[in-house]
Amino acid sequence: MSESTHKLVHSTTSTEASDTDTANGAAQRPAETGFFPPRKVILTKEQLEAFQQSKTHEAIVSYITALNECVVSVKLTDERAVSPAVQSVLDILERIAETARSIPPVDNKASRFGNPAFRTFYDKVSEIAPELHRTIPGLPEAAIPEVSVYFDEAWGNRTRIDYGSGMELNFLCWMMCLEKLGVFNESDHVSLVVKVFWRYIEVMRVLQSTYWLEPAGSHGVWGLDDYHFLPFLWGAAQLRGHKYIRPKSIHDSDTVEEFSKHYMYLACIRFINSVKTASLRWHSPMLDDISAVKTWDKVNSGLLKMFLAEVLGKLPVMQHFLFGSLLAWDGPLPEVPPGSPTQDDAHWGHAHAMGDFGGVGQRENGWGDCCGIPVPSAFAAKEAEERRRMPGAVLSGPGIRPVPFD
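What comes next concerns the included structure. Small disclaimer: the values here were computed from a predicted structure and weren't measured. Sequence order sets the numbering: in each chain, residues are counted from 1 along the sequence as written. It should be noted that, the model being predicted, local features are given only for residues of pLDDT at least 70 and side-chain atom pairs only at 80 or more, the latter also being counted only at that level, while totals for whole chains, interfaces and linings use all residues. As a rule here, side-chain values cover all heavy atoms of the structure and leave hydrogens and water aside.

### Some words on the overall build of the protein
Defined as follows: Each helix is a run of H or I in the DSSP string that is no shorter than four residues. Each strand is a run of E no shorter than two, and both are numbered from the N terminus. For each residue, the accessible area found with a 1.4 Å probe, counting protein chains only, is set against the maximum for its type, and the residue is called buried under 20%, exposed over 50%, and partly exposed in between. Here the open area of atoms and residues is found with the Shrake-Rupley method and a 1.4 Å probe, where only the protein chains shown may cover a residue.
Across its full length, the protein carries 16 helices and 4 strands. Burial analysis of the protein (406 residues in total) assigns 55% to the buried set. Accessible surface, the protein as shown: approximately 17,300 Å² in total, 53% of it carbon and sulfur.

See below:
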């Protein structure tokens, strides 16, 4: 790892975490290990601004940028040897996929919202997470309770049965924590993106389609395809300098079909086209706008700026961010009004479109709610339309006819 990247990625150590055990539940660092389960801290605009000036924010941005630069002109299908640590994580992701296959959705035909079987899946993952982490070479046993929280929260929200860019950020933080602990190093960076992260996205597609995870934030507004952001960012990096494929090529179905196996960006476009119909400008106007940009370099740099503003800079997303000893909080601690939900509550610190849960500083212009009105997944809408056309039919693979976006 280069010296500058090493300093940024490893700068937010446990020595920066607060030792104060406050009434709001901020954890005190156990003296014997230095690790503790991460907790939510950000409640107010002022705390978000403090985070944006912090070493943890700097380290996250540095890590995203380092991974971005390492995959320029790299294909998903390129032959690549992986380290034992990377292989162990790929094996873990396969266990997660197997777990999902072993827990089918419950009969929930009357609803187009999240399937309750997801909670069974979530609980099972939480149960086996310590065992899975023990298979990672070089991971200290004492760090598992802290690191595994990011892993558990990377699959979606158990209470709301939804998923968004904040959960995707948890997976990034999980990889980042493993690197801070010496499990990964710079030589693993390409594999972390095109092998580990992409396999994570593939598993998430299984969860989204199996359990009909709702787009987090009511509108999926902080993800470019209802759920995700980073595969577009790093996918644009893969395409930088490509001789033939341009940003506008996403409108060419033959190009998308042929090259989606090589490039994350095009794979994401193909996924969108598989569950929604009509033009991108109708159901994915942001992606349609981006396609007018002339070069992938500009798309890539623009998406990085957008991620900083729309994910790391949005209170409804970052109020869920978890701080521990590895990704430390060094700003002002929150003051929670009496009677508010605890940090273990899925609505801790929130402001909602319906009802008041006692949060502070959550209402902003634009999409000011994090939970808001539940929105059914595109998979649920698709199956509902298929049942309407063919009573008794079920969602069953690539031959399904796409239905109009609703």
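### Quick notes on helix H2 (residues 45-52)
To keep things clear, this is the line we draw: Taking the helix axis as origin, the arc is that swept by the directions to the C-beta atoms. Here, residues are in contact when the closest pair of their heavy atoms is within 4.5 Å.
Inspection of H2 places Gln-47, Leu-48 and Phe-51 among the buried residues, and these make up the whole buried set. Buried residues of H2 fall within an arc of 105° about the axis and therefore sit on the same side. Those residues of H2 that are exposed and angled more than 90 degrees off the buried face are Lys-45 and Glu-46. In this structure, the buried side of H2 is in contact with helix H3 (55-70), helix H15 (315-318) and strand E4 (322-323).

### Quick notes on the nonpolar core
Using the following cut-off: Among buried residues, those of type Ala, Val, Leu, Ile, Met, Phe, Trp, Tyr and Cys that are joined through side-chain atoms within 4.5 Å constitute a nonpolar core.
One finds Trp-155, Trp-234, Tyr-265 and Leu-303 to be the most contacted residues of the largest nonpolar core, which totals 112 residues. Looking at this core element by element, the count peaks at 13 residues for helix H8 (residues 189-211). Not counting the four nearest positions on each side in its chain, Leu-303 is found in contact with Leu-224, Phe-229, Phe-232, Leu-233, Ala-236, Tyr-265 and Ile-290.

### Quick word on the side chain of Asn-170
Residue position: Asn-170 is located in helix H7 (residues 165-180). For Asn-170, a relative accessible area of 7% corresponds to the buried category. In this view, Asn-170 contacts Tyr-150, Glu-153, Ala-154 and Leu-322; residues no more than four positions away in its chain are not counted.

### A few points about helix H9 (residues 230-238)
Judged by how many residues are buried, H9 sits mostly within the fold: 9 of 9 residues are covered. Every buried residue belonging to H9 is among Leu-230, Pro-231, Phe-232, Leu-233, Trp-234, Gly-235, Ala-236, Ala-237 and Gln-238, and all of these are buried.

### Looking at the pattern of salt bridges
To be explicit about the condition: The salt bridge definition used is simple: a Lys or Arg side-chain nitrogen within 4 Å of an Asp or Glu carboxyl oxygen.
Considering all chains together, one arrives at 12 salt bridges under this definition. When the shortest N-O distance is used, the salt bridge between Glu-94 and Arg-199 registers 2.9 Å. Of this pair, Glu-94 sits in helix H4 (residues 84-102) while Arg-199 sits in helix H8, and the two are 105 residues apart along the sequence. The partner of Glu-131 in a salt bridge is Arg-95, and the shortest N-O contact between them spans 3.3 Å. Here the residue Glu-131 occupies a position in helix H5 (residues 117-133), and Arg-95 occupies one in helix H4, the gap between them amounting to 36 residues. Classification of Glu-131 as partly exposed rests on a relative accessible area of 40%. One salt-bridge network, in which partners are shared between bridges, spans Glu-94, Arg-101, Arg-199 and Glu-202.

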